[in-house]
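Residue strings, one per chain:
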Amino acid sequence: MITRITYHHFIVILVAWLFTMSLPVSAQTNISGVVNNYTDISAIDYIGNHVTVGSASSFSIGDRVLVIQMQGATIDQSQSSTFGNISNYNNAGNYELQTICDIQGQNIYLTYDLVNVYDPAGSVQLIRVPVFSSATISGGNLTAQAWNGTTGGVIALEVTGNLDFGTYDIDVSGLGFRGGTAVTSGQNCSSFLDATYYSSFSSTDQKALKGEGITGSINTKECGRGPQANGGGGGNNHNGGGGGGANYGKGGKGGERVKRSFFVCGAYAGVDSRSLASGYSADRIFMGGGGGAGHVNNTVHVGEHGKNGGGIVIIKAGSITGNGRTINANGISHSNWAANDGGGGGGAGGSVFIHSGSYTGNLNVNVNGGHGAYVYNTGSSNCNGPGGGGGGGVVYLNASSVPSNVIVSSSAGTAGQIAYHEQSNCTTGSTNSASNGNPGTTLTGLILQEGIINIGCSTILPVELISFTAKAVDQETVDLDWVTASEFNNRLFEVERSSDGITWEQIGVVYGAGTTSIMQRYQFRDNQPLDDRSYYRLKQVDYNGTYSYSVIRDVHIKKEFLVFVYPNPATEAVFTELYSDKETEALLTITSSSGVMVSRKMVTVQR
């Protein structure tokens, strides 16, 4: 006996030691590169609570996901200085964290009721959000797929424990809205007084593309100095500078071409791109806007492109160890000047949303706007417009105040300048009316948008139920019968009963047929139905744990006479209790286990 006890004791200690040693290895995950997966959403069924995606191949049941709409705002499109004013955000910037409860083809079903409304025409995407118990950024920076006009531009992750930055950073700089691409245009001086705010890409002279923003490109109005909401406007004919992109801080306008005389080509200064500050007050999130392209009539295209805005970072973590590392979501700055053409605008800073319980060590967070392009002019007739500076982005924290070890920078990008000139009335160092962007901001009190009403895929019916009936056989028995036409991943049915149709208890389990297209019949007998009224329903459970409920059936049984005998069997004495809803007489007979009658008498039953 002693030996066996000692042996068992030793085994328990050994198992516990092995578990303790292996736990840190299995709980810790090293992450780097791109950890998210992206797909476009082409349709949303709010009744069925599912989205239709371009590809579901990278998603699995149980995955955390982010639903986010990138564009879809409407703007003023008039040929005036109000072009680009945001008239309605619509659903642009709406987002929420969700969980996948089922996947059927390209339809992905969500566990929680959708919090927000989305319009697939406004570039809505579904992003797989990895969840780690604890994670360290190791082997390289953490980044995102670049925004491609449909998907990307976002890092989103959850860490239930600690997120350790190790010796690396998170970087989505320049992965947001794209800058306008410089294209060669004409230089017809018949439009040297051109003050238009939009023009068509098919134009021969006025072809300088606007930067991307929360409004998609508008056909026949893709070019010109009017901003595309938070996307910078393009430079006007001739050789005007592109505007900077915007986020919380507005973007600066592109510079003008200073004419050496009245009778030569020139260009008006641009227009500031629009701040998205009011959108953040409505719990939305945005990428930084792209800078507008400078007007170009040469073919060099260095410094004339608009630069990209910063992307989005969403982190939900129990705690963060910063190690002095950095989250960068900056707009891109120009490092090369435009040569004898209009300079491109800088990109706007992006957005960083962090929900963390605590911070250890310093963490730097940068959402700065990019600088506009300088212009290098040669010849006596070139004093072209530099690019505008990009606006600063947003850092949003769940804390009530910014922790002392979270160091935020949301500065604006500066306007480009004249780097060199030979024109007599041009000035080195001048911006030619190009302007800086405006700074961004830091917000506190973040509450991440998340689905919270668990509907358990209740709108999904992997089992096609033809009929479900409940019928009282007698006062002690209720038979339940149901028939299915087809089943998909059907593990089992839980039979539930209730006395009021509100509070339910499980009274039995009947296993399903898995996946089949053949009709199946099922039965369950309740041998203890409730007195008076019993309600019944089926809870159909898939192999993945998702479930749905059937319709409710009810049975009414009024038990007029009840008899309880105990103990049963008995050797010396037996007790009987009789109940009735009315006073009556009854014949009570007691027999032995061998069938011999022991007692028989008439009794009166009281109510």
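Residues numbered from 1 in each chain as written. Predicted model: local features only at pLDDT ≥ 70, side-chain atom pairs only at ≥ 80, totals over all residues. Heavy atoms only, no water.

Peer 1: An account of the packing of aromatic side chains is requested, with residue identities and associated values reported.
Peer 2: Here the structure, examined in full by the defined rule, presents 14 aromatic pairs. Arranged with centres 5.2 Å apart and planes meeting at 85°, the rings of Y280 and F286 form a pair that is edge-to-face. One aromatic cluster in this structure is built from Y89, Y95, Y248, Y280, F286, F353 and Y396. If you follow K207 out to its NZ or CZ, it ends over the ring of F201, 5.0 Å from the centre. (Phe/Tyr/Trp six-rings, centres within 6.5 Å; stacked < 30°, edge-to-face > 60°. Lys NZ or Arg CZ within 6 Å of the ring centre and 35° of its normal.)

Peer 1: Explain the environment of G345 residue by residue, including any values.
Peer 2: Mapped onto the secondary structure, G345 falls in the loop between β16 (338-339) and β17 (351-356). Sequence-wise, G345 and A373 are 28 residues apart; in three dimensions their C-alpha atoms are separated by 6.4 Å. Beyond its immediate sequence surroundings of up to four residues, G345 is in contact with G242, G243, G244, G291, G292, H305, G306, K307, H334, G387 and G388. (Helix = DSSP H or I, 4+ residues; strand = E, 2+ residues; numbered from the N terminus. Contact = heavy atoms within 4.5 Å.)

Peer 1: Break down the layout of surface pockets for me, with residues and values.
Peer 2: As a volume, the second largest pocket reaches approximately 180 Å³. Around the second largest pocket sit Q71, R178, G179, G180, T181, L209, K210, E212, G216, S217, E222 and Q228, which together line it. Here the lining of the second largest pocket is built from residues that sort into 1 nonpolar, 7 polar and 4 charged. (1 Å grid on protein atoms, 1.4 Å probe; cavity = no way out; pocket = protein on both sides within 12 Å on 5 of 7 lines; lining within 4 Å. Points joined across faces, edges and corners; volume = space filled by probe spheres on them. Nonpolar A, V, L, I, M, F, W, Y, C, P; charged D, E, K, R; others polar.)

Peer 1: Which residues make up the environment of N237, and what values go with them?
Peer 2: Looking at where N237 falls in the secondary structure, it is placed in the loop between β13 (170-171) and α2 (277-280). For N237, the side chain forms a polar contact with the side chain of H238, separated by 3.4 Å. (Polar contact = N/O pair within 3.5 Å; in protein donor to acceptor, adjacent residues only side chain to side chain.)

Peer 1: Provide a residue-level description of the state of the cysteines, including the pertinent values.
Peer 2: If you walk through the whole model with that rule in mind, you get 1 disulfide. Disulfide pairing places C383 opposite C426 at an S-S distance of 2.0 Å. Where C383 bonds to C426 through sulfur, the torsion about that S-S bond is close to 75°, and the disulfide is right-handed. Residue C383 is located in the loop between β20 (375-376) and β21 (394-397), and its partner C426 is located in the loop between β23 (418-420) and β24 (441-444); the two are separated by 43 residues in the primary sequence. With relative accessibility at 5%, the residue C426 sits in the buried group. (Disulfide = S-S within 2.5 Å. Buried < 20%, exposed > 50% of the residue type's maximum accessible area, 1.4 Å probe, protein only.)

Peer 1: Requested: an account of the nonpolar core, with residues and values cited.
Peer 2: Formed by 64 residues in total, the largest nonpolar core has its most connected members in L66, L163, I315, I327, F353 and I354. Not counting chain neighbours up to four residues away, the residues in contact with I354 comprise I315, I320, I327, Y359, L363, V365, Y396, L397, N398 and L446. Grouped together as the second largest cluster of nonpolar side chains are 16 residues, I44, V53, F59 and V124 included. (Core = buried A, V, L, I, M, F, W, Y, C linked by side-chain atoms within 4.5 Å.)

Peer 1: Describe the confidence of the model for the protein, naming the residues involved and giving the relevant values.
Peer 2: Predicted coordinates in areas of low pLDDT are best not read in detail. The pLDDT averaged across the protein works out to 88; a share of 86% of its residues lies at or above 70. For residues 1-27, every residue scores under 50 in pLDDT, and the model assigns this stretch 2 contacts once sequence neighbours within four places are set aside. (pLDDT = per-residue confidence, 0-100.)

Peer 1: Please give an account of unusual backbone geometry that cites residues and values.
Peer 2: Following N237, the chain continues into H238 via a peptide bond in cis, with omega recorded as 20°. Within the secondary structure layout, H238 lies in the loop between β13 and α2. You will see that S433, though not glycine, has its phi angle at about 75°, which is positive. Residue placement: S433 occurs in the loop between β23 and β24. Relative accessible area serves as the criterion here: at 33%, S433 is assigned to the partly exposed category.

Peer 1: Explain the pairing of strand β12 (residues 154-164) to me, using residue names and the numbers behind them.
Peer 2: On a regular strand, each side chain points to the face opposite its neighbour's, so the side chains alternate between the two faces of the sheet. Note: strand β10 (residues 131-132) against β12, 2 bridges, orientation parallel. For V131, the partnering residue across the bridge sits in β12 and is E158. In the sheet, strand β11 (residues 134-143) pairs with β12 via 2 bridges, with the strands oriented parallel. Following the sheet pairing, A135 is matched in β12 by L163. (Pairing = 2+ DSSP bridges.)

Peer 1: Which residues make up the side chain of K207, and what are the values?
Peer 2: With respect to the secondary-structure elements, K207 resides in the loop between β13 and α2. Put simply, K207 is tucked away with no salt bridge, and the nearest opposite charge, on D205, sits 9.1 Å away. Of the polar contacts made by the side chain of K207, one reaches the backbone oxygen of F201; its length is 3.5 Å. If we skip the residues at most four places from it in the chain, K207 touches V183, T184, S185, F201, C223 and H295. (Lys, Arg positive; Asp, Glu negative; His and termini not counted. Salt bridge = Lys/Arg side-chain N within 4 Å of Asp/Glu carboxyl O.)

Peer 1: I'd like a description of the sheet that holds β23, backed by residues and values.
Peer 2: Spatial strand order, β16-β20-β23: 3 strands in an open sheet with parallel pairing. Unpaired on one side and paired on the other, β16 and β23 mark the two borders of the sheet. As paired strands, β16 and β20 are joined by 2 bridges and run parallel to one another. When the bridges of β20 are listed, A339 appears paired with Y376.

Peer 1: Describe in detail the sheet that holds strand β7 (residues 95-104), supporting the description with residues and values.
Peer 2: Sheet architecture is closed into a barrel: 6 strands sit in the order β2-β3-β8-β7-β4-β9, paired in antiparallel fashion. Neighbour-to-neighbour, the strand axes of this sheet turn through a mean angle of 45°, independent of strand direction. Here strand β3 (residues 50-53) pairs with strand β8 (residues 107-110) via 3 bridges, running antiparallel. Across the sheet, residue T52 finds its bridge partner in β8, namely N107. (Axes fitted to C-alpha atoms, helices over the stretch in contact; angles between N-to-C directions.)

Peer 1: Residues and numbers for the pattern of salt bridges, please.
Peer 2: Opposite charge on two side chains permits them to pair, given that their charged atoms come into close proximity. Applying the stated criterion to the full structure yields 11 salt bridges. Here E496 makes a salt bridge to R537, at a shortest N to O gap of 2.7 Å. With a gap of 41 residues between them, E496 in strand β26 (residues 477-498) and R537 in strand β29 (residues 532-542) connect regions that are remote in the sequence. On the basis of relative accessibility, which here comes to 8%, the residue E496 falls in the buried class. The closest approach of N and O atoms between R533 and D554, which form a salt bridge, is 2.5 Å. Placement of R533 in strand β29 and of D554 in strand β31 (residues 553-557) is noted, with a sequence separation of 21 residues between them. Residue R533 is classed as partly exposed on the basis of its relative accessible area, which comes to 32%.

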